Every structure is written in structure tokens, then in C-alpha cells.
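Summary of the model geometry
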Amino acid sequence: MLNITSSITINSASWGRASDISSRGSHESIDDTQEVYYDKFRLPYFKASLFATALEDCITQIRILDQCNTEIRLTKTMVEMQKLLADKYGVEKKEICSELECIDTEKLDCLDYKLDKLDNDRKLLVHVLSETYLDLSKHRRFYALSDYVTTVTRKRQHSEVLIEEEAKNKLLRRETQRQLRQQRNHIKSVTYDCNMTVENLKNRVQDAALNVEIRFRYIGNWQNARCEQNSQRITHIESPRVETIDFYKQRIEQEHRVHSEVELLINILINLKLREVELNNWISFKDKREADRLYREKMTIAALAIQAWWRGLLVRLELGPYKPTKRPIRGDKKKK
């Protein structure tokens, strides 16, 4: 039985689809056409009973094996503790669109996936054997087993087709990559030619710019020389008048300097007077503030003393909020 359970490698989703088909075939009403189709899977009563008895023993043994293997069940419970806690407290689960969505390809050898695989294989084997047992017991046929084998064969054929398509896609990808490399090399060669053309044009533009700059410098220096020549002529003509203007300008500047120094000294004296007035005002303000503080301190001490005397008087005389309250008489004393 352990060899049978280890040989089943189909996941629970494919088993669910096969079980739906087999359960519908075993429980729904069957017309004449389906009855003719089922005849090839029908067995005589003795053979059907014999196989059903054997399957019944197998199912019992598998269930006993599953129930007695407490170590695997305990390990699976510890692994799925987060899921069980989420189910217990009603945590909303994320909708899973595909079986491969929750599988991490880098952890295929972990214990969680192995336990899930073993559990799904056992459930699948028990379900297939149970459906076959019911089919043999009720209708003396093994259509459920045949349907499951057909489903497995189709999945295997589909897997082979997918493998062939994957090989074709790999060849197509290699060819596409080769064409892409050729196209990339062609683009690189064309780009290199264009870059060389651009560099030649840049060199021509730089040469033209240098020629323009040389001409501009020659014209600019020539104009500067003419301007200096004219300025020198004007200076020789107007130099006597310029000396007179400079003399009177210096005298005016001296007068302005003396006036500004006198004005600065006057402002300094005024500021000193204002500073003395501010210092006197600040000293008088400090003295007045200290006197006010001492007065408030004396009044506060006196008020605290009066309050303490008054509260002590109330406590001693048991007046006001310190008045003692009458305690209620207990029920035992009343009875006495």
C-alpha cells in the first residue's frame, strides 16, 4: 500500500475535476446511450463483488495507516498552525486564482510542500478507490477508475505536448536572439558611420568658428587702437581744464569729509546722553520691581498663615467639611 500511495503524483485540483465527473456518472440518471457506453466497463457480479471486497480492504488499510501515523499528522498540524489559527479566529483569506500562486520555486524541497503532497496523494487514492468501490458495488462497473486513468493519460499527453512546445519555443527564442544580435551589430555599424560623419561636421564647424574668432579679434583690436588714439588726442586738448576741475573737486570732498566728521561727533554725544537716561530709567524700574516683589511675597506669606490658622480651627472644632459623619447602625445591633 505504501508503494501505491507513493506512485500517485497528481495534485488535488486534477483529482477534484476527475472526481466531479466520476461522481456525476455514478449518482445521476443514466440514459440508454450512456448505458451502452458503460457496458464495456461492466463486470460480472462475482468479479465485481470480488474486486469491491479487495478495494474495501485496501480503503480500510489506507485509512488505518493514515489514522495511526500520528507523527505525520502532528507535524502537518504544526506546519499549518498559522492557517488553523486563521480559520479559528475567522481571518479573511486571500483569494487564490492559481495553484502555483502560493508556491515558492526556491523552496520546493521544504517540509510544507512534502507534507501537502503526501496528504493530497493519500486523499486522492482514497477518493479514487472509494468511487471505484461504490461503482462496483452499485452498478458492477469500474467507470470511475477508467475515467481517472483517462484523465491522468490526458494530462500526461498534455504535458508531453507542452514539453514539445517548450522545445520549439526554445529554438525559436535562439533564432530570435541570433537575429536580434545581427540587427544589433548592423545598428552599431550604422551608428558608427553616422558618428564619424557627425565628427567630421563638428571639425568643420570648429574650424569655421576659429576663423571667425580670429577675424573678430583682428577687427576688435584695430577698433581699440583707433579709440585709444582718439582718446589720447582728446586728453592732450582737455588736460588743463581737467586739472582745474580736479582741484575744485578735491576741495569739495575735503569740506564734505569735515562736515561728516563733525556730524558724527555730535551724534555720538547725543547717543551718550540718551544712554545715560535709559540706564537711569532701568535702575529705577529694577528698584520698583524688587519692592513690588517683596510686597507680594509678604502678602502671600500672611495669606498662607491666615489660611493655615483657619483650617486648623475648622479641624479642631470639627466644622465645615471636617464635621464628623454619623455611622449607620449595623443590622446585628438593631436585632439585639
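This text follows the structure it describes.
Note that this is a predicted model, so its numbers are computed, not measured.

**Details of the nonpolar core**
In terms of nonpolar packing, the biggest core is built from 10 residues, these being Leu43, Ala48, Ala52, Leu55, Ile59, Ile62, Leu125, Val126, Leu129 and Leu136. Of all elements in the fold, only α4 (45–68) and α7 (111–139) reach the threshold of two or more residues within this core. It is α4 that provides the largest number of residues to this core, a total of 5 residues. Non-local contacts of Ile59, meaning those with residues more than four positions away in its chain, are made with Leu129, Ser130 and Tyr133.

**Describing the packing of α7 against helix α8 (residues 143–317)**
Where α7 meets α8, the axes come as close as 7 Å, and the angle between the chain directions of the two elements is 140°. One finds that α7 runs oblique with respect to α8. Contacts between α7 and α8 pair Leu124, Val128, Glu131, Thr132 and Asp135 from the former with Tyr143, Ala144, Leu145 and Tyr148 from the latter. Here the contact of α7 with α8 is built from residues that sort into 6 nonpolar, 1 polar and 2 charged.

**Considerations on the pattern of salt bridges**
Inspection of every chain in the model, using the stated rule, returns 5 salt bridges. As a salt-bridge pair, Arg178 and Glu175 come within 2.1 Å of each other at their nearest N and O atoms. Linking Arg178 with Glu175, this pair stays in helix α8, spanning 3 residues, or about one helical turn. Glu175 sits in the partly exposed class, given a relative accessible area of 32%. One continuous salt-bridge network, built from bridges that share partners, spans Glu290, Arg293 and Glu297.

**Focus on the packing of α4 against α7**
Contact geometry for α4 and α7: axes closest at 9 Å, N-to-C directions at 155°. Here α4 is positioned roughly antiparallel relative to α7, judged by the angle of their axes. Once α4 is placed against α7, the crossing between them reads as left-handed. Here Ala48, Phe51, Ala52, Leu55, Glu56, Cys58, Ile59, Ile62, Arg63, Leu65 and Asp66 of α4 lie close against α7, whose contacting residues are Arg122, Leu125, Val126, Leu129, Ser130, Thr132, Tyr133, Leu136 and Ser137.

**Quick notes on α8**
Its 175 residues place the ends of α8 only 106 Å apart at the C-alpha level, less than the 261 Å of an ideal helix rising 1.5 Å per residue. Maximal helix bending in α8 amounts to about 60°, located at Glu238; proline Pro240 follows within four positions. The complete set of buried residues in α8 reads Tyr143, Ala144, Ser146, Asp147, Tyr148, Thr151, Val152, Gly220, Gly312 and Leu314. Looking one or two residues past α8, Glu318 carries a phi angle of roughly 55°, positive in sign.

**Things to note about unusual backbone geometry**
If you check the backbone angles, Glu318 has positive phi at about 55° while not being a glycine. If you trace the backbone, Glu318 turns up in the loop between α8 and α9 (331–335).

Cut-offs and rules
Residues numbered from 1 in each chain as written. Predicted model: local features only at pLDDT ≥ 70, side-chain atom pairs only at ≥ 80, totals over all residues. Heavy atoms only, no water. Core = buried A, V, L, I, M, F, W, Y, C linked by side-chain atoms within 4.5 Å. Buried < 20%, exposed > 50% of the residue type's maximum accessible area, 1.4 Å probe, protein only. Helix = DSSP H or I, 4+ residues; strand = E, 2+ residues; numbered from the N terminus. Contact = heavy atoms within 4.5 Å. Axes fitted to C-alpha atoms, helices over the stretch in contact; angles between N-to-C directions. Parallel < 35°, antiparallel > 145°, perpendicular 65-115°, else oblique. Nonpolar A, V, L, I, M, F, W, Y, C, P; charged D, E, K, R; others polar. Salt bridge = Lys/Arg side-chain N within 4 Å of Asp/Glu carboxyl O. Left-handed = near helix turned anticlockwise from the far one by under 90°. Expected span 1.5 Å × (residues − 1). Bend = angle between axes of the 7 residues up to and from the residue.

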